[in-house]
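Examination of the molecular architecture
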Amino acid sequence: MDKKEIQGFSKLPKEQKLQWLADNYFSDKEQAAKELSSYWHRYPETQKLFDEFAENTISNFYMPFGVAPNFLINGRIYAVPMVIEESSVVAAASMSAKQWLERGGFHAEVIDTEKIGQVHFLWQGEKAKLDRFFAAIKPKLFEETESITANMQQRGGGILGVDLVDLTEQMPDYYQVKARFETCDSMGANFINSVLEKFAAILKREASQWSEFEGDEKQVEIIMSILSNYTPNCLVRAWVSCKVAEMDCFVKDMDGPTFVRKFSNGVRIAQVDPYRATTHNKGIFNGIDAVVLATGNDFRAVEACGHVYAGRNGQYSSLTNIDIQDGQFTYTLEVPLSLGTVGGLTTLHPMVRRGLEMLGNPSARELMMIAASVGLANNFSAVRSLVTVGIQKGHMKMHLLNILKNFEASEQETELAKKYFVHNIVSYTSVREFLELLRSGQTVKL
């Protein structure tokens, strides 16, 4: 068996890491090393910056940095940066943006920006004693963390509240110190975690000295101190609205009332069927994630939170809601989004800086509204296609170039393929057969 273990890999220079990987994990060693190193940034100082973003960096993984223009949100037009590899997403967002531009655009509001952190601990004793203890030490939690919270307080943030939570019915001896935070334009993870770890130290110290506690009661076992990525009170709402009569041209040869009826049925299915709801919400995060990535935020945290929120009532369901009253169509997205525009990658990554500048260097609240609007736009485009022409017609046409690249089509073949597939169904097989006909010298009717 090949021995591929290595000691001290993280301490090796990048070139040696890459060479070791090429020697041990690639059949075409020289080509692999050459290919991976070809994606290093041409400016060494920029590459050094990228190297330091993550451990054991050997190269850069490029993602398309696209733009969706014409987004009218709360009366202001944005060109929105979107980082995503799925070809139809930016096109879908742009199409929705253009259609709604003429109908009042997108509207959005931030409902709240509260974030949550928890100190999880075990304690054995009478609950009433713990309640008295917590009430007595609660002021110290605020006082002794002021060195951490002072700057945040100056910006209007800080600790909003601290509570003791009894979860002993779910798990023996299990309690939490649950804290609520406002982190202003910062996503706030490091700030929250620093405060929580200080809380844990205070809790443990004070319990060991509390006069009412005896024996095991003096021992608080800290399990962990960590923010929660579930932030149901860090919430944003985005919506579009217009008269049903103004929706005649959303789909070719379909009147507004017919389109709205079909669209409404599509949305309501996502509200009652978790299988459909999952894909429905994925379409929302196509747009949100692309904006989150382009602005240096954590799309994994955003997705995790959004999906938990979608199941908050006991069944996973759509994050969107539709309302039609007195001939007025309104489509709304409500989603928790914990985003930041300062700290982290926002000042370090050059493309993130440009993305934020493109948006006018927004506040965190403004970015929440932009991201939610783009998510709603992508979802609207997806549902519109699904209930009318079908998702594949437009989706596969966007993938045509990728399929042609897989077959190493020439520029001339690519141009002919574009014309041919205007009126023909795109699939991997149909593109292959088309190229085979071309390359055999046969005439293809365009």
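Residues numbered from 1 in each chain as written. Predicted model: local features only at pLDDT ≥ 70, side-chain atom pairs only at ≥ 80, totals over all residues. Heavy atoms only, no water.

Some remarks on the sheet that holds strand β8 (residues 234-243)
- The sheet built from four strands is open, its strands ordered β3-β8-β10-β9 with antiparallel pairing. For this open sheet the edge positions go to β3 (107-113) and β9 (320-325), each flanked by a neighbour on one side alone. Taking the axes of each pair of neighbouring strands and ignoring which way they run, one obtains an average angle of 20° across the sheet. (Pairing = 2+ DSSP bridges. Helix = DSSP H or I, 4+ residues; strand = E, 2+ residues; numbered from the N terminus. Axes fitted to C-alpha atoms, helices over the stretch in contact; angles between N-to-C directions.)

Quick notes on unusual backbone geometry
- Of note, the phi angle at Asn-361 is positive, near 50°, even though the residue is not glycine.
- Along the chain, Asn-361 falls in the loop between α11 (350-358) and α12 (364-387).
- Residue Glu-408 is not a glycine yet carries a positive backbone phi of 55°.
- With respect to the element layout, Glu-408 can be found in the loop between α13 (391-406) and α14 (411-420).

Considerations on the packing of helix α8 (residues 256-272) against α12
- Closest axis-to-axis distance for the α8/α12 pair is 9 Å, and the angle between their directions is 110°. As the angle between them shows, α8 and α12 are arranged roughly perpendicular. Contact residues: α8 offers Phe-259, Lys-262, Phe-263, Gly-266 and Val-267, while α12 offers Phe-380, Val-383, Arg-384 and Val-387.
- Residue composition of the contact of α8 with α12, grouped by class: six nonpolar, one polar and two charged. (Parallel < 35°, antiparallel > 145°, perpendicular 65-115°, else oblique. Contact = heavy atoms within 4.5 Å. Nonpolar A, V, L, I, M, F, W, Y, C, P; charged D, E, K, R; others polar.)

So, the nonpolar core
- Ranked by size, the top nonpolar core spans 61 residues in total, and within it Phe-71, Met-82, Phe-329, Tyr-331 and Leu-337 carry the most contacts.
- For this core, the element with the most residues is α12, which contributes eleven residues.
- Within the second largest apolar cluster, 30 residues are counted, among which are Phe-121, Ile-159, Ile-202 and Val-220. (Core = buried A, V, L, I, M, F, W, Y, C linked by side-chain atoms within 4.5 Å. Buried < 20%, exposed > 50% of the residue type's maximum accessible area, 1.4 Å probe, protein only.)

A short note on the pairing of strand β1 (residues 65-73)
- Two elements, β1 and strand β2 (residues 76-83), share seven bridges in a ladder whose sense is antiparallel. Residue pairing for β2: Ile-73 is matched across the bridge by Arg-76.
- Between β1 and β2, which pair antiparallel and follow one another directly, the connecting turn spans two residues, one of which, Asn-74, has a positive phi of 50°.

Structural notes on the sheet that holds strand β5 (residues 158-166)
- Pairing is antiparallel in the open sheet, where four strands are placed in the order β5-β6-β4-β7. A strand with exactly one partner marks an edge of an open sheet, and here the two such strands are β5 and β7 (221-228). Across the sheet, the mean angle separating the axes of adjacent strands is 15° when strand polarity is ignored.
- Pairing between β5 and strand β6 (residues 174-182): eight bridges, direction antiparallel. Residue Gly-161 lies in a different strand from β6, and its bridge partner there is Arg-180.
- Across the face of the sheet, helix α5 (residues 127-143) comes into contact with β4 (115-122), β5 and β6 while running at roughly 170° to β5.

Section: α11
- All of the buried residues in α11 are Val-352, Gly-355 and Leu-356. Considered in projection along α11, the buried side chains sweep an arc of 95° and stay on one side of the axis.
- Elements that come into contact with the buried residues of α11 comprise β1, β2 and α9 (274-294).
- Downstream of α11 by a residue or two, Gly-360 has a phi angle that is positive, lying close to 85°. (Arc of directions from axis to C-beta.)

Here's the deal with the side chain of Ser-59
- As for its position among the elements, Ser-59 is in the loop between α3 (44-51) and β1.
- One polar contact links the side chain of Ser-59 to the main-chain carbonyl oxygen of Leu-36, over a distance of 2.5 Å.
- Discounting residues that sit within four places of it in the chain, Ser-59 has contacts with Leu-36, Tyr-39 and Trp-40. (Polar contact = N/O pair within 3.5 Å; in protein donor to acceptor, adjacent residues only side chain to side chain.)

Some points on the pattern of salt bridges
- The tally for this structure, following the rule as stated, stands at 19 salt bridges.
- Between Glu-217 and Lys-129 there is a salt bridge, and its shortest N-O distance comes to 3.2 Å. One end of the pair, Glu-217, is in the loop between α7 (189-209) and β7; the other, Lys-129, is in helix α5, and 88 residues separate them in sequence.
- Judged by its relative accessible area of 17%, Lys-129 falls in the buried class. (Salt bridge = Lys/Arg side-chain N within 4 Å of Asp/Glu carboxyl O.)

Here we look at the packing of α8 against α9
- Orientation of α8 relative to α9, taken along the N-to-C sense of each, is 115°, at an axis distance of 6 Å. The angle between α8 and α9 falls in the class roughly perpendicular. The two elements α8 and α9 cross, and the hand of that crossing is left-handed. Across from Ile-269, Ala-270 and Val-272 in α8, the residues of α9 making contact are Pro-274, Arg-276, Ala-277 and His-280.
- Grouping the constituent residues of the contact of α8 with α9 by class yields five nonpolar, one polar and one charged. (Left-handed = near helix turned anticlockwise from the far one by under 90°.)

Regarding the environment of Asp-255
- Considering the arrangement of structural elements, one finds Asp-255 in the loop between β8 and α8.
- The class for Asp-255 is partly exposed, based on a relative accessible area of 37%.
- Expressed as a C-alpha distance, the spacing of Asp-255 and Val-244, which sit eleven residues apart in the sequence, is 9.2 Å.
- There is a polar contact of 2.8 Å between the side chain of Asp-255 and the backbone nitrogen of Thr-258.

Thoughts on the packing of aromatic side chains
- Applying the stated criterion to the full structure yields 25 aromatic pairs.
- With a centroid separation of 5.2 Å and an interplanar angle of 85°, the aromatic rings of Tyr-39 and Tyr-62 are classed as edge-to-face. Of the two residues, Tyr-39 is situated in the loop between α2 (29-37) and α3 and Tyr-62 in the loop between α3 and β1; the sequence distance between them amounts to 23 residues.
- Since its relative accessible area comes to 38%, Tyr-39 is described here as partly exposed. (Phe/Tyr/Trp six-rings, centres within 6.5 Å; stacked < 30°, edge-to-face > 60°.)

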